[in-house]
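# Report on the structure
Residue-level listing of the chains:
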Amino acid sequence: MSEVTEPTLLIDRFGRRVNYLRISVTDRCDFRCLYCMEETMTFLPRAQILTLEEIYALAKAFTELGVEKIRITGGEPLVRNGVLQLVEQVAELPGLIELVMTTNGSQLEKFAKPLSDAGIKRLNISLDTLNAGKFKILTRNGDLKTVLKGIEAAKKAGFHRLKINAVILKNRNHDEVADLVRFAIKHEIDISFIEEMPLGVVSQHNRYEAYYSSEEIKQDLLQQFTLLPSTTKTGGPSNYFQVQGTGTRVGFISPHSHNFCSDCNRVRLTAEGRLLLCLGNEHSMDMKQVLRANPGNHEIVKQAIIQAMQIKPEKHEFVLSDQPVILRHMNVTGG
Ligand code: SAM
Ligand code: SF4
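What this report covers is the structure whose coordinates are included nearby. (Residues numbered from 1 in each chain as written. Chains lettered and ligands numbered in written order. Predicted model: local features only at pLDDT ≥ 70, side-chain atom pairs only at ≥ 80, totals over all residues. Heavy atoms only, no water.)

## Quick notes on the overall build of the chain
- Counting secondary structure elements, the chain contains 11 helices and 12 strands.
- Every one of the 335 residues in the chain was classed for burial, and the buried ones make up 56%.
- In the chain, 74% of the contacts between residues at least 6 apart in sequence involve partners at least 24 apart.
- When the accessible surface of the chain is split by element, carbon and sulfur atoms take 51% of a total near 15,000 Å². (Helix = DSSP H or I, 4+ residues; strand = E, 2+ residues; numbered from the N terminus. Buried < 20%, exposed > 50% of the residue type's maximum accessible area, 1.4 Å probe, protein only. Contact = heavy atoms within 4.5 Å. Areas by Shrake-Rupley, 256 points an atom, 1.4 Å probe, with all protein chains shown as cover.)

## Brief notes about the packing of helix α6 (residues 177–186) against helix α8 (residues 214–222)
- Relative to each other, α6 and α8 sit at 70 degrees, their axes nearing to 9 Å. Taken together, the axis directions place α6 and α8 in an arrangement best described as roughly perpendicular. For the element pair α6 and α8, the recorded crossing hand is right-handed. Contacts between α6 and α8 involve V177, A178 and V181 on the former and, on the latter, I217, D220 and L221.
- For the contact of α6 with α8, the residue count by class is 5 nonpolar, no polar and 1 charged. (Axes fitted to C-alpha atoms, helices over the stretch in contact; angles between N-to-C directions. Parallel < 35°, antiparallel > 145°, perpendicular 65-115°, else oblique. Left-handed = near helix turned anticlockwise from the far one by under 90°. Nonpolar A, V, L, I, M, F, W, Y, C, P; charged D, E, K, R; others polar.)

## Some thoughts on the sheet that holds strand β8 (residues 239–243)
- The 12 strands lie next to each other as β7-β8-β9-β6-β5-β4-β3-β2-β1-β10-β11-β12, forming an open sheet whose pairing is mixed. Only two strands of the sheet have a single neighbouring strand rather than two, namely β7 (227–229) and β12 (284–286). Averaged over all adjacent pairs, the angle separating strand axes in this sheet is 25 degrees, with direction ignored.
- The pairing of strand β5 (residues 161–168) with strand β6 (residues 190–195) spans 6 bridges and is classified as parallel. By the bridge assignment for β6, N165 is matched with S192.
- Set on the sheet, helix α5 (residues 144–156) makes contact with β4 (122–126) and β5; between it and β4 the angle comes to about 165 degrees. (Pairing = 2+ DSSP bridges.)

## So, the side chain of E76
- Residue position: E76 is located in the loop between β2 (69–73) and α2 (83–91).
- For the buried E76, no salt bridge exists, and the shortest N-O distance to an oppositely charged side chain is 10 Å, to R32.
- Dropping the residues within four chain positions of it, E76 is found in contact with T26, R28, C29, D30, T103 and N104. (Lys, Arg positive; Asp, Glu negative; His and termini not counted. Salt bridge = Lys/Arg side-chain N within 4 Å of Asp/Glu carboxyl O.)

## Some details on the packing of aromatic side chains
- In the structure shown here, the tally under the stated rule is 3 aromatic pairs.
- Between the aromatic rings of F31 and F135, the centroid separation amounts to 5.9 Å while the plane-to-plane angle is 90 degrees, which identifies the pairing as edge-to-face. Taken together, the residues F31 in the loop between β1 (20–24) and α1 (52–64) and F135 in helix α4 (residues 132–139) connect sequence positions 104 residues apart.
- The exposure class assigned to F31 is buried, which follows from its relative accessible area of 6%.
- Here the aromatic rings of F241 and F252 are separated by 5.8 Å at their centres, their planes lie at 75 degrees, and the arrangement is edge-to-face. Residue F241 is found in strand β8, and its partner F252 is found in strand β9 (residues 249–253); the two are separated by 11 residues along the sequence.
- With a relative accessible area of 11%, F241 lands in the buried category.
- Through pairs of rings, three or more aromatic residues link up here, namely F193, F241 and F252.
- Note that K69 overlies the ring of Y20, its terminal NZ or CZ placed 4.4 Å from the centroid.
- A cation over a ring is seen here: R249 above Y240, with NZ or CZ 5.1 Å from the ring centre. (Phe/Tyr/Trp six-rings, centres within 6.5 Å; stacked < 30°, edge-to-face > 60°. Lys NZ or Arg CZ within 6 Å of the ring centre and 35° of its normal.)

## Observations concerning the pairing of β9
- Where burial is concerned, most of β9 is hidden: 5 out of the 5 residues are buried.
- Side-chain alternation along β9 places R249, G251 and I253 on one buried face and V250 and F252 on a second face that is also buried.
- Pairing geometry for β6 and β9, over 4 bridges, is parallel. Bridging across to β9, S192 finds its partner in G251.
- In this sheet, β9 lies alongside β8 in antiparallel orientation, the contact comprising 4 bridges.

## Some words on the pairing of strand β10 (residues 266–269)
- Burial of β10 is two-sided: the residues R266 and R268 facing one way and the residues V267 and L269 facing the other way are all buried.
- In terms of strand pairing, β1 meets β10 through 4 bridges, oriented parallel. Of the residues in β10, the one forming a bridge with R22 is R268.
- Relative to strand β11 (residues 274–276), β10 runs antiparallel, the two being bridged by 2 bridges. Directly across from L269, in β11, lies its bridge partner L275.

This is the structure in structure tokens:
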């Protein structure tokens, strides 16, 4: 009789189990959000980014190692050719419980239904402001109307849940937090407020001056809403509250004011195939090199992933200053 062996799970040196992978399928984007990118960016040459087949091979290896949740992100994931086919294939991987995506919404009118049909269960859509002029300033070239139409299309497409992600910056959009919550309530979706993280050098924007804490946002909201603590956990760092009398939950992602590292369950794969063990540190394993040096050798890829867990740092420290410690931009990191 053959012995039944338990699958190997990914456990780091601090006893944390990694069961969540975020995949940046491209560093490219049709927006240039001023907290994420420079106005003029040089993107990676095609040969340097993982092919869709390589991304699939890595997603398969991770699910065989116990990863249950995958987020497809970028850059803007919907500008990568072939992303729908990738989603369809990844959605079929045994062991995967949740396949989700983060998008800026610009392509959703076209892609919402196909994405839902392909197996994306939950969608996070970034929306920092409801003012078209401010939207143009924050994204440098985005069009609010197009994104709002995208959100409408997503509502009709049959996702299990939709969530707005809003990065809040002092004196740019901090006065809109209540309006954004009202928007979420009206559309029966959730919303998370995110403190800006100091990733990559961005000019035309002072991060120190723009810092607006989750606590300040919460105090602003409490003037107009009753927020009931929620036990909801989505496997992410958001701390959730239910808006009383509504189906909407409000989350706060506070990398500065609350360190959520102790129960970190995730790793990130960059568009160029670097497996990043922590958002706020540079510890990484070059999975593209492993894949390309060992074509078709799935076991070596899995061993490399297991080894990488040994270099996952205990925590990050984000410091607000003109010169960020982490020089890679969020679009490369896969936010
Ligand atoms: N392009 C997609 C989008 O904007 O939703 C997906 C990638 S984007 C890098 C993912 C998320 O990271 C977005 O919600 C964006 O607002 C957020 N983000 C980008 N730069 C950030 C920063 N410096 N600090 C905090 N959040 C950031
Ligand atoms: Fe593009 Fe998303 Fe970065 Fe904005 S936050 S520039 S939409 S990748």
